[in-house]
Amino acid sequence: MFRIGKALVAAVLLASATPVAASAQTQSTTPATNAGTRLNFPSSLGGATFERSVNYAAPPGNNPGQGMAYYYSTPKRLTISVQVYDLGRRVPAGSDNPAVTAQFNAEVASAEQQFKHAGYTSFQKPSVPSSCTYGTVTFRCLAYSGLTQANSRVYSKLLLTGFRDHFVKIRIDWMQSHQQTAADADAALQAFVPALMH
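Residues numbered from 1 in each chain as written. Predicted model: local features only at pLDDT ≥ 70, side-chain atom pairs only at ≥ 80, totals over all residues. Heavy atoms only, no water.

**A word on the overall build of the protein**
Working step 1: Tallying secondary structure elements over the protein gives three helices and 12 strands in all.
Working step 2: Expressed as a percentage of its 198 residues, the buried residues of the protein come to 49%.
Working step 3: A separation of at least 24 residues holds for 55% of the contacts in the protein among residues at least 6 apart in sequence.
Working step 4: Total accessible area on the protein stands at roughly 8,600 Å², and carbon and sulfur atoms take up 53% of it. (Helix = DSSP H or I, 4+ residues; strand = E, 2+ residues; numbered from the N terminus. Buried < 20%, exposed > 50% of the residue type's maximum accessible area, 1.4 Å probe, protein only. Contact = heavy atoms within 4.5 Å. Areas by Shrake-Rupley, 256 points an atom, 1.4 Å probe, with all protein chains shown as cover.)

**Regarding helix α2 (residues 98-117)**
Working step 1: Here α2 spans 28 Å end to end across 20 residues, near enough to the 28 Å set by a 1.5 Å rise per residue.
Working step 2: The set of residues buried in α2 consists of A99, V100, Q103, F104, E107, V108, S110, A111, Q114 and F115. Buried residues of α2 fall within an arc of 165° about the axis and therefore sit on the same side. Exposed side chains of α2 directed beyond 90 degrees from the buried face belong to P98 and H117.
Working step 3: At the N-terminal boundary of α2, the capping side chain belongs to N97, with an oxygen 3.1 Å from the backbone nitrogen of A99.
Working step 4: Of the residues one or two after α2, G119 is the one with positive phi, at around 95°. (Expected span 1.5 Å × (residues − 1). Arc of directions from axis to C-beta. Polar contact = N/O pair within 3.5 Å; in protein donor to acceptor, adjacent residues only side chain to side chain.)

**Some points on the pairing of strand β7 (residues 79-85)**
Working step 1: Taking burial as the measure, the seven residues of β7 include seven buried ones, the bulk of the element.
Working step 2: Across the two faces of β7 the burial is the same, with T79, S81, Q83 and Y85 and I80, V82 and V84 all buried.
Working step 3: Here strand β6 (residues 68-73) pairs with β7 via six bridges, running antiparallel. Counterpart to A69 in the pairing with β7 is Q83.
Working step 4: Counting the residues in the hairpin turn of β6 and β7 gives five residues, including R77, whose phi is positive at 65°.
Working step 5: Relative to strand β12 (residues 166-175), β7 runs antiparallel, the two being bridged by seven bridges. Counted as the bridge partner of V82 is I170 from β12. (Pairing = 2+ DSSP bridges.)

**What to know about the confidence of the model for the protein**
Working step 1: The predicted model of the protein averages 86 in pLDDT, with 86% of residues at 70 or higher.
Working step 2: Within the model, the stretch residues 1-24 combines pLDDT values under 50 with 67 contacts to residues more than four positions away or in other chains. (pLDDT = per-residue confidence, 0-100.)

**Overview of the side chain of Q83**
Working step 1: Inspection of the secondary structure assignment puts Q83 in strand β7.
Working step 2: On the accessibility criterion, Q83 (1% relative accessible area) is buried.
Working step 3: A polar atom in the side chain of Q83 sits 2.8 Å from the backbone oxygen of Q66.

**As for helix α3 (residues 182-196)**
Working step 1: Compared with the 21 Å implied by 1.5 Å per residue over 15 residues, the 20 Å span of α3 between its first and last C-alpha is a close match.
Working step 2: The set of residues buried in α3 consists of D184, A185, A188, L189, F192, V193 and L196.

**What to know about the nonpolar core**
A general trend in soluble globular proteins is that nonpolar side chains are found buried together.
Working step 1: Ranked by internal contacts, the top residues of the largest apolar core, which has 30 residues, are Y72, L159, I170, F192, V193, L196 and M197.
Working step 2: Going through the elements one at a time, β5 (48-55), β6, β7, β9 (130-134), β10 (137-147), β11 (153-163), β12 and α3 are the ones with two or more residues in this core.
Working step 3: Counting residues per element, this core draws most heavily on α3, at six residues.
Working step 4: Not counting the four nearest positions on each side in its chain, Y72 is found in contact with F41, P42, S43, L45, A48, T49, F50, E51, L78, T79, I80 and F192. (Core = buried A, V, L, I, M, F, W, Y, C linked by side-chain atoms within 4.5 Å.)

Set out below in structure tokens:
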């Protein structure tokens, strides 16, 4: 499962899109089509610019269940990541099935642990997730945040759904210190997600 980790936390602070396991996985700066879902990841998508992809199935990780991650940046310097994976099983379609619910809970728990491990404090999230619809696709979603050592709040919004036998996880990151807002993040998602999942 793709985790935030120290490298991504540092990347968020620098407003880049460095993947957590980038040094340990095969990276590409060439946009691609995801074989499992047939989703296209072109050089520009919904106003965001393709940065890189990471193949978790390639050496040295050799973990096909973790799939592929794709990274984009927006004109307002927000980072959007998309991970397409199946954990070695077929994933039911939609956002309200038990497989997606369980995986979403695991992703949120992992995010909280990674924030704490990276030295963030005051982790905040709603007590229950909600549903978010972008275009025609509904996701289980939740926004969470933590404070950096400089007392600046870093935010992420996590989306997860089952799509063509895979999990599709989308996360957008933004920072208070860069004058980025939840409205900026939602506007970016409103453009990006329907362009991706049409």
